[in-house]
2 protein chains.
Amino acid sequence: MTATADTGSEVPLRTLFFLSCSTGITAETLGHSLMTQFEETPYQQVTVPFVDTFAKAEATVQEINRVAAESGLPPVVFSTLVDPRIRQMLAATDCVFFDFLDTFIEPLERELKVESTHTVGRSHGMVDYDSYMARINSINFALANDDGIRADHCEHADVILIGVSRTGKTPACLYLALQYGVRAANYPLSEEDLAQECLPPVLKPFRSKLFGLSIDPQRLHQIRNERMPGSEYASYERCAYEISSIQALFAAESIPYFDASSLSIEEIASQLFQKTRIERRI
Amino acid sequence: MTATADTGSEVPLRTLFFLSCSTGITAETLGHSLMTQFEETPYQQVTVPFVDTFAKAEATVQEINRVAAESGLPPVVFSTLVDPRIRQMLAATDCVFFDFLDTFIEPLERELKVESTHTVGRSHGMVDYDSYMARINSINFALANDDGIRADHCEHADVILIGVSRTGKTPACLYLALQYGVRAANYPLSEEDLAQECLPPVLKPFRSKLFGLSIDPQRLHQIRNERMPGSEYASYERCAYEISSIQALFAAESIPYFDASSLSIEEIASQLFQKTRIERRI
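Sequence order sets the numbering: in each chain, residues are counted from 1 along the sequence as written. Chain letters and ligand numbers both follow the written order, the letters beginning at A and the numbers at 1. Restriction of local features to residues with pLDDT of at least 70 applies here, the model being predicted, together with a cutoff of 80 or more for giving and counting side-chain atom pairs; totals for whole chains, interfaces and linings are based on all residues. Side-chain numbers come from the whole structure's heavy atoms, not from hydrogens or water.

Regarding the nonpolar core
Most often, soluble globular proteins keep nonpolar side chains buried together rather than apart. Membership of the largest hydrophobic core comes to 66 residues, with the highest contact counts inside it found for F78(A), L90(A), F78(B) and L90(B). Setting aside anything within four residues of it in sequence, one finds L90(B) in contact with L19(B), A57(B), T60(B), V61(B), I64(B), L81(B), C95(B) and F97(B). If you look at the next biggest cluster of nonpolar residues, it comprises 60 residues, including A172(A), C173(A), A269(A) and I278(A). Among buried residues, the Ala, Val, Leu, Ile, Met, Phe, Trp, Tyr and Cys ones that are joined through side-chain atoms within 4.5 Å form a nonpolar core. Per-residue accessibility, obtained with a 1.4 Å probe over protein chains only, is compared with the maximum for each type, and a residue is labelled buried under 20%, exposed over 50%, and partly exposed between these values. Contacts are residue-level and defined by heavy atoms, with any inter-residue pair within 4.5 Å sufficient.

A look at the pairing of strand 7 (residues 159-163) of chain A
Residues and elements named next belong to chain A. Numbering of helices and strands runs from the N terminus, with a helix taken as a DSSP run of H or I at least four residues long and a strand as a DSSP run of E at least two residues long. For strand 7, the tally of buried residues reaches 5 of 5 residues, placing the bulk of the element in the interior. In strand 7, alternate side chains face the same way, and those of V159, L161 and G163 on one face and I160 and I162 on the other are all buried. Whether two strands pair comes down to DSSP finding at least two bridges between them. Pairing analysis gives 5 bridges linking strand 7 to strand 8 (residues 184-188), with the strands arranged parallel. Opposite L161, over in strand 8, you have N186 as the bridge partner. Pairing between strand 7 and strand 9 (residues 210-214): 3 bridges, direction parallel. Across the sheet, residue L161 finds its bridge partner in strand 9, namely F211.

Focus: the packing of aromatic side chains
Residue and element names in this part refer to chain A. What counts as a ring pair is set by centres within 6.5 Å for rings of Phe, Tyr and Trp (its six-membered ring), and what kind of pair is set by the plane angle: stacked under 30 degrees, edge-to-face over 60, tilted for all other angles. Tallying each qualifying case throughout the model produces 17 aromatic pairs over all chains. Between F18 and F78, the ring centres sit 5.7 Å apart and the planes meet at 20°, which makes this aromatic pair stacked. Here F18, found in strand 3 (residues 14-19), pairs with F78, found in strand 5 (residues 76-79); they are 60 residues apart in sequence, far enough to count as distant. We note that F18, like F78, is buried.

Concerning the interface of chain A and chain B
Listed by partner, the interface residues are 78 residues for chain A and 78 residues for chain B. Summed over both partners, buried area is the accessible surface (1.4 Å probe) that two parts give up on being assembled. Interface area, chain A with chain B, both sides summed: about 6900 Å², of which 64% is carbon and sulfur. It is Q37(A), F38(A) and F104(A) that lose the most area in chain A upon contact with chain B, and together they represent 11% of the buried surface on that side. Any carboxyl oxygen of Asp or Glu that lies within 4 Å of a side-chain nitrogen of Lys or Arg is treated as forming a salt bridge with it. Taken together, the links from chain A to chain B amount to 6 salt bridges.

Quick word on the domain arrangement of chain A
By a widely used convention, the size of an interface equals the accessible area lost when the partners come together. Here chain A is partitioned into domain 1 (2-112) and domain 2 (129-275). What counts as a domain boundary in this text is fixed by an automatic or database domain assignment. Centre-to-centre separation of domain 1 of chain A and domain 2 of chain A, based on C-alpha positions: 39 Å.

Things to note about the relation of the copies chain A and chain B
We place the copies in one frame by least squares, fitting the C-alpha atoms of every residue whose pLDDT is at least 70 in both. After a rotation of 180° and a shift along the axis of 0.0 Å, chain A superposes on chain B with an RMSD of 0.1 Å. Taken together, the turn and the small shift mark the pair as related by a two-fold rotation axis. A shared interface surface links the copies, since 100% of the contact residues of chain A are contact residues in chain B too.

Details of the sheet that holds strand 4 (residues 43-48) of chain A
Residues and elements named next belong to chain A. Pairing is parallel in the open sheet, where 4 strands are placed in the order 4-3-5-6. The outermost strands of the open sheet, each flanked by one partner alone, are strand 4 and strand 6 (96-99). Ignoring which end each strand starts from, the neighbouring axes of this sheet average 20° apart. The sheet contact formed by strand 5 and strand 6 spans 4 bridges and is parallel. Residue pairing in the sheet places V77 in a bridge with F97 of strand 6. Axis angles are defined between N-to-C directions and span 0 to 180 degrees, where every axis is a line fitted to C-alpha atoms and, for a helix, only to the segment in contact.

Some words on the pattern of salt bridges
Residue and element names in this part refer to chain B. Counted by the stated rule, this structure contains 30 salt bridges over all chains. For the salt bridge of D52 with K56, the shortest nitrogen-to-oxygen distance reads 3.4 Å. Since its relative accessible area comes to 44%, D52 is described here as partly exposed. By relative accessible area, K56 is classed as partly exposed at 35%. Salt-bridge contacts for E232 lead to R238; the nearest nitrogen and oxygen are separated by 2.6 Å.

Some details on the pairing of strand 4 (residues 43-48) of chain B
Within a regular strand, the side chains alternate between the two sheet faces. Residue and element names in this part refer to chain B. In terms of strand pairing, strand 3 (residues 14-19) meets strand 4 through 6 bridges, oriented parallel. Each bridged residue has a counterpart across the sheet, and for F18 the counterpart in strand 4 is T47. With the strands aimed away from the viewer, a crossover counts as right-handed if its path from the first strand over the helix to the second runs clockwise. The parallel pair strand 3 and strand 4, bridged by helix 1 (residues 25-35), forms a crossover whose chirality is right-handed.

Topic: helix 5 (residues 129-145) of chain A
For a helix, the expected span equals 1.5 Å multiplied by the residue count minus one. Compared with an ideal rise of 1.5 Å per residue, which puts 17 residues at 24 Å, helix 5 of chain A spans 24 Å between its outermost C-alpha atoms and is within 8% of the ideal. Restricting attention to buried positions, one finds in helix 5 of chain A the residues Y132(A), M133(A), R135(A), I136(A), S138(A), I139(A), N140(A), F141(A), A142(A), L143(A) and N145(A).

Thoughts on helix 10 (residues 236-252) of chain B
Residue and element names in this part refer to chain B. With 17 residues, helix 10 extends 24 Å from end C-alpha to end C-alpha; this agrees with the ideal 24 Å at 1.5 Å per step. Every buried residue of helix 10 is listed here: R238, C239, E242, I243, S245, I246, L249 and F250. Along the axis of helix 10, the buried residues cluster in a sector spanning 165°; they form a single face. For helix 10, exposure combined with an orientation more than 90 degrees from the buried face picks out E237, A251 and A252. Check the buried side of helix 10 and you find it contacts strand 7 (159-163), helix 8 (191-196), strand 9 (210-214), helix 9 (217-227) and strand 10 (257-259). Just beyond helix 10, the residue with positive phi is S254, at close to 55°. Relevant arc is that of directions from the helix axis to the C-beta atoms, nothing else.

Some thoughts on the sheet that holds strand 3 of chain B
All names here are of chain B. Taken together, the 4 strands give an open sheet; going across it, the order is 4-3-5-6, and neighbouring strands pair in parallel fashion. Either end of the sheet is taken by a strand with one partner, and the two such strands are strand 4 and strand 6 (96-99). Neighbour to neighbour, the strand axes of the sheet diverge by 20° on average, direction disregarded. Summarising the sheet, strand 3 and strand 5 (residues 76-79) pair through 4 bridges and their orientation is parallel.

A few points about the environment of T26(A)
Residues and elements named next belong to chain A. Along the chain, T26 falls in helix 1 (residues 25-35). Taking the relative accessible area as the measure of exposure, T26 reaches 8% and is therefore buried. Between the C-alpha atoms of T26 and S79, which are 53 residues apart in sequence, the distance is 9.2 Å.

Looking at the environment of F38(A)
Tracing the backbone shows F38(A) in the loop between helix 1 and strand 4. Residues in contact with F38(A), not counting those within four places in the same chain, are I105(B), L108(B), E109(B), L112(B), V114(B), E115(B) and S116(B).

Spelled out as structure tokens, the structure:
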């Protein structure tokens, strides 16, 4: 099992297994982060969630050994498995085994002076019901707001993102809700709003919650053009005008903002926590 | 700095630091997963993202040492820092240092027979532009669909979740988009749809993409009652009728489904990957 790399030389394709007694999200996050440090290494991934019975463990053992035999390369296995007997079964396969729990839990037990509970699947489940519902309610909040903002909505918002159309406000709001339970509203400033050269009346009472997103006009032109090719709305001139108008508005109204052109929604969220007083709800 | 635990005895409040040269999401995911194994240990968390200069590193060093001195307890530090000099500075503070990179990167280098790139912040950034845009486009897909489904939308969907109102279809679609770039549509079956006792015409050509979500009637009653207290829509009788009707429909039309009553959106997504042929796009 090999793959041809861009250089033309054959680089062996490594198989990564992410094993978990729950969703596998932690093992994947861990493994992906590590693999960003090995960007020349081509790999394929197999996530095996809910490995919570001996039957599933045995099937996974066979799958790992099969891949090892067929590819001639031991798979790299990232495990967040909790059950010690199941972990032993998997660690004994023909693989390079990275045991998330073994590595960290024992030193943590020593430091915290308590034994770990060896319970499973609490990280991405619904066990902390209040936290979970805070996330779901915040998602609903972001969605309810998306078609137009109302004053009562603003009152309950933790933050209100403002910017011209297609600067990534809505995905950022949804990410803040999903990941952190933050109630984020957004207000897209229209051409009419910009022509007024001041804040729309609905936003004025909530100035302290406002945060601006700006973007490079060329990038905005590109994004809008993918959506409405050749339209006046997507033209570079229109984009440049809107961005210069909104930056003038941010300055005149003393609204903090940053340029989100090269930021992912994860990075936008991180920057917001750094630059505002909004707090995670979970 | 102490907190009173539920038992009435004073359990010292531990401070956790999540340090990253990027967003801090990997360090947080890692740390939260580990701490679910120590549920009796109360803690507060401090995330310090974008520690990418010596000035920021030095400020963080001082903050960790301050917390250690004031609380009398060395903070537990989870680090995904990449720069070796910055890591050394932080590891030398009065803390229990869990170094994500040191622990895993060196064994990985040996196994993969390449040196790691020591580049930073690739995991949650926009470096892999195509993957990032797949996620954003899938979020927009889920949103565009949310007000009513059209046939051309169904054609482009990877999966179409169906169920009665308030079974968690929309948050699940958004999560599938955000985390995996999956294009998930959803269709809420109305009372009229259920009365027909067959699939709505718009869905019929896409039977292979359909997946059902069911829920315990009591749980549905509770969720709807929070939204519209005392309404007929939220009544237990109405909820029980809708669930029994939709389960009959799923059976009659051979549509796979599961009960999502106690599943988080992460667990719903994991189950879908297990039970269908949908593939991650990232």
